[in-house]
Amino acid sequence: MTAPETNADGTTPASGGKILVLPGDHVGPEVVTEAIKVLNIIAEETGRKFELEVDLCGGCSLDKHGDSVTEEVLQKCLNVDAVFFGSAGGPEWGTAQPNPESGLLRIRDRMQIFANLRPCKFASKALLAYSPIKTEVVKGVDFMFIRENCGGAYYGKKIEEADYGCDPWEYSRPEIERVVRVAGALAMQHDPPLQVYSVDKANVLANSRVWRRIATEVFEKEFPKIQLKHQLADSLALLFITKPTAFNGVLVSDNTFGDILSDESGGLTGSLGLLPSASLAGPPGNVDSKLGRNSVGGVVGLYEPVHGSAPDISGKGLANPTGQILSLAMMLRYSFNMHREANIIEKAVERCLDTREDGGLEIRTGDLGGKAGTVEMSEAIQGEVRRLLKTT
Ligand SMILES: NC(=O)C1=CN([C@@H]2O[C@H](COP(=O)(O)OP(=O)(O)OC[C@H]3O[C@@H](n4cnc5c(N)ncnc54)[C@H](O)[C@@H]3O)[C@@H](O)[C@H]2O)C=CC1
Ligand SMILES: CC(C)CC(=O)C(=O)O
Ligand SMILES: [Mg+2]
């Protein structure tokens, strides 16, 4: 899984950075394999040499090592520029601890990749027809959901007894400040800055009231051009269905609300199989912050699709590889500053999904009602990526 040792003209490729690949379980390895083919095309065409290492996390690690992630793999995560992750879990491992998913949670914690960016927009306008929401309601939806990724109810000292369970839902000032700053920094990358919404349950939860107060303070002090708006999480679940474009811009929330509400994006845009994500250890882009920088001038991050291991369709070559391939685009953009190549992958995906009338290839995997398999979709994207790299 490495790029060629020399460029076509015989020169040595520039050192491109280290990537740890953790394919995980069920459809994870199926879609990761396809995304790596796209990465190899980019490495080949640009001469950038990435150092790739593949290891285990999830049920596959439980089977081999008796733990969902080993200390050795956690250490490797700390010594790379980016981690490329598939998905962890499946019914055969159940939920008793440590379950496969706990491996991913431990990696997020160890890497302190506290900002999980989950963009929601149509990868092609042809997909408007696949949304269960009326076209006139969902057309133009375009937001970035930022989910706090290392705190809240998913972490802390849990109590699990036969008849009692407790997950403390805690947030402290530094945890809130750093993630809302990422929301502000992303919004400021646009001219005029994007609207930012902070999502909470401040009408009920103490940790939400602290979240709201600190988010307000950070925006007043550090992002005076943005007027932060607050939205309760329960009504947002409704408004995402009835008026999703009202939230175009950037949304930021805690771990639990963000996990649940960002899956709704899959419902809005046609299929969960299309959606990528990036979990970052600092703000992306040229910001005045050294937090989370990697050895190649980008941000340390873990990249994975929003979807899980889809055990219901695994082993049949049916999974849509698009979410994983778009996660690769996010990795190139945020961890490797390869904006051109990231844009090319997104354009290639769009062309493969566009209707023939619009000059596209109109390829549809099963989640979009079509007959194409994982490899067919991936090969079409690879072909478009190669063509666009040569011609643009
Ligand atoms: N980051 C991760 O590793 C995550 C892991 N999980 C784990 O995954 C396992 C399955 O969870 P589910 O609740 O079923 O959620 P899921 O996201 O795996 O699947 C939900 C539905 O979406 C479909 N789907 C998902 N990805 C698809 C793709 N690429 N192409 C076509 N269809 C796709 C599935 O077939 C299923 O019908 C569980 O063990 C869960 O804990 C769930 C979410 C995230
Ligand atoms: C650890 C994961 C299984 C939690 C989740 O659902 C997600 O991150 O999307
Ligand atoms: Mg989830």
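Computed from a prediction, not measured in an experiment: that's the story for all the values here.

Looking at this structure, how should I read the packing of helix α1 (residues 27-46) against helix α12 (residues 374-391)?
When two helices pack together, their arrangement is captured by the angle between the axes and the distance separating the axes. Running from amino to carboxyl end, α1 crosses α12 at an angle of 15 degrees, the nearest separation of the two axes being 10 Å. As far as their axial angle goes, α12 and α1 are roughly parallel. Seen from above, α1 lies across α12 with right-handed handedness. In this structure, α1 contributes Glu 30, Val 31, Glu 34, Lys 37, Val 38, Ile 41, Ile 42, Glu 44 and Glu 45 to the contact, and α12 contributes Thr 374, Val 375, Ser 378, Gln 382, Val 385, Arg 386, Leu 389 and Lys 390.

Which parts of the structure should I look at to understand the site of ligand 2?
Surrounding ligand 2, one finds Glu 101, Leu 105, Arg 108, Arg 118, Arg 147 and Asp 259. In the environment of ligand 2, an oxygen atom lies 2.9 Å from a nitrogen or oxygen atom belonging to the side chain of Arg 147. The separation between an oxygen atom of ligand 2 and a polar side-chain atom of Asp 259 is 3.1 Å. Isolated, ligand 2 exposes 280 Å² of accessible area, and the fraction of that covered by the protein chains is 74%. It is helix α4 (residues 100-111) that provides the largest number of residues to the shell around ligand 2, a total of three residues. Class assignment of the residues belonging to the shell around ligand 2 gives a composition of one nonpolar, no polar and five charged.

Sorry if this is basic, but what is going on with the nonpolar core here?
Inside soluble globular proteins, nonpolar side chains tend to come together where they are buried. Counting 90 residues, the largest nonpolar core has Leu 117, Ile 146 and Val 385 as its most contacted members. Excluding residues within four positions of it along the chain, Leu 117 makes contact with Met 144, Phe 145, Ile 146, Val 182, Leu 186, Pro 276, Ser 277, Ala 278, Leu 280, Met 330 and Tyr 334. In this structure, Val 69, Val 83, Ala 88 and Leu 104 belong to the second largest nonpolar core, which totals 18 residues.

Explain the site of ligand 1 to me, please; I cannot follow it from the model alone.
Near ligand 1 you find 20 residues, and of these Ala 88, Glu 101, Glu 304, Gly 308 and Ala 310 are the closest. Ala 310 places a polar main-chain atom, nitrogen or oxygen, 2.8 Å from an oxygen atom of ligand 1. Asn 320 places a main-chain nitrogen or oxygen 2.9 Å from a nitrogen atom of ligand 1. Contact with the protein chains removes 68% of the 800 Å² of surface that ligand 1 exposes when unbound. Those elements giving two or more residues to the shell around ligand 1 turn out to be β3 (82-87) and α4. Partitioned by chemical class, the residues of the shell around ligand 1 number eight nonpolar, eight polar and four charged.

How do you make sense of the side chain of Thr 70 when you look at a structure like this?
Topologically, Thr 70 is positioned in the loop between α2 (59-65) and α3 (71-78). Setting aside its immediate chain neighbours within four residues, Thr 70 contacts Ser 61 and His 65.

Is there a simple way to think about the UniProt feature "domain: Isopropylmalate dehydrogenase-like" (unreviewed entry) in the protein chain in this case?
The positions UniProt marks with the feature "domain: Isopropylmalate dehydrogenase-like" (unreviewed entry) are residues 18-381. Its end C-alpha atoms 24 Å apart, residues 18-381 is made of 40% helix and 17% strand.

Before we go on, may I ask you to explain the domain arrangement of the protein chain in this structure?
Interfaces are frequently sized by the accessible area removed from exposure as the parts join. According to the domain assignment, the protein chain consists of domain 1 (12-117 + 272-391) and domain 2 (132-157 + 165-269). A C-alpha centroid distance of 23 Å is found between domain 1 and domain 2. Across the contact, 21 residues belong to domain 1 and 19 residues belong to domain 2. Summed over both partners, the interface of domain 1 with domain 2 buries about 1700 Å², with 62% contributed by carbon and sulfur atoms. Contact with domain 2 buries surface across domain 1, with Phe 114, Asn 116 and Leu 117 losing the most and accounting together for 34% of the total. At the boundary of domain 1 and domain 2, one finds zero salt bridges. Breaking the side of domain 1 that touches domain 2 down by element, the ones donating at least two residues are α4, β4 (115-121) and α10 (322-334). A class-by-class count of the residues in the side of domain 1 that touches domain 2 yields 14 nonpolar, five polar and two charged.

It is not clear to me how α10 should be interpreted in this structure. Could you clarify?
Each α-helix winds once per 3.6 residues, and so residues spaced three or four apart point in a common direction. Taking 1.5 Å per residue, 13 residues should reach 18 Å; α10 reaches 18 Å between its end C-alpha atoms and fits that length. Taken across its 13 residues, α10 has 13 buried, putting it largely inside the fold.

Help me understand the packing of α1 against α10 in this model?
The geometry of α1 relative to α10 is characterised by a closest axis approach of 8 Å and an angle of 45 degrees between their N-to-C directions. By the angle class used here, α1 and α10 are oblique. Of the two elements, α1 crosses α10, and the hand of that crossing is right-handed. On α10, the residues that touch Val 31, Val 32, Ala 35, Val 38, Leu 39 and Ile 42 of α1 are Gln 324, Ile 325, Leu 328 and Leu 332.

Cut-off values and rules
Residues numbered from 1 in each chain as written. Chains lettered and ligands numbered in written order. Predicted model: local features only at pLDDT ≥ 70, side-chain atom pairs only at ≥ 80, totals over all residues. Heavy atoms only, no water. Axes fitted to C-alpha atoms, helices over the stretch in contact; angles between N-to-C directions. Helix = DSSP H or I, 4+ residues; strand = E, 2+ residues; numbered from the N terminus. Parallel < 35°, antiparallel > 145°, perpendicular 65-115°, else oblique. Left-handed = near helix turned anticlockwise from the far one by under 90°. Contact = heavy atoms within 4.5 Å. Near = heavy atom within 4 Å. Polar contact = N/O pair within 3.5 Å; in protein donor to acceptor, adjacent residues only side chain to side chain. Areas by Shrake-Rupley, 256 points an atom, 1.4 Å probe, with all protein chains shown as cover. Nonpolar A, V, L, I, M, F, W, Y, C, P; charged D, E, K, R; others polar. Core = buried A, V, L, I, M, F, W, Y, C linked by side-chain atoms within 4.5 Å. Buried < 20%, exposed > 50% of the residue type's maximum accessible area, 1.4 Å probe, protein only. UniProt positions renumbered as here; feature names shortened; annotations may be inferred. Domains from an automatic or database assignment. Buried area = accessible area lost by both parts, 1.4 Å probe. Salt bridge = Lys/Arg side-chain N within 4 Å of Asp/Glu carboxyl O. Expected span 1.5 Å × (residues − 1).

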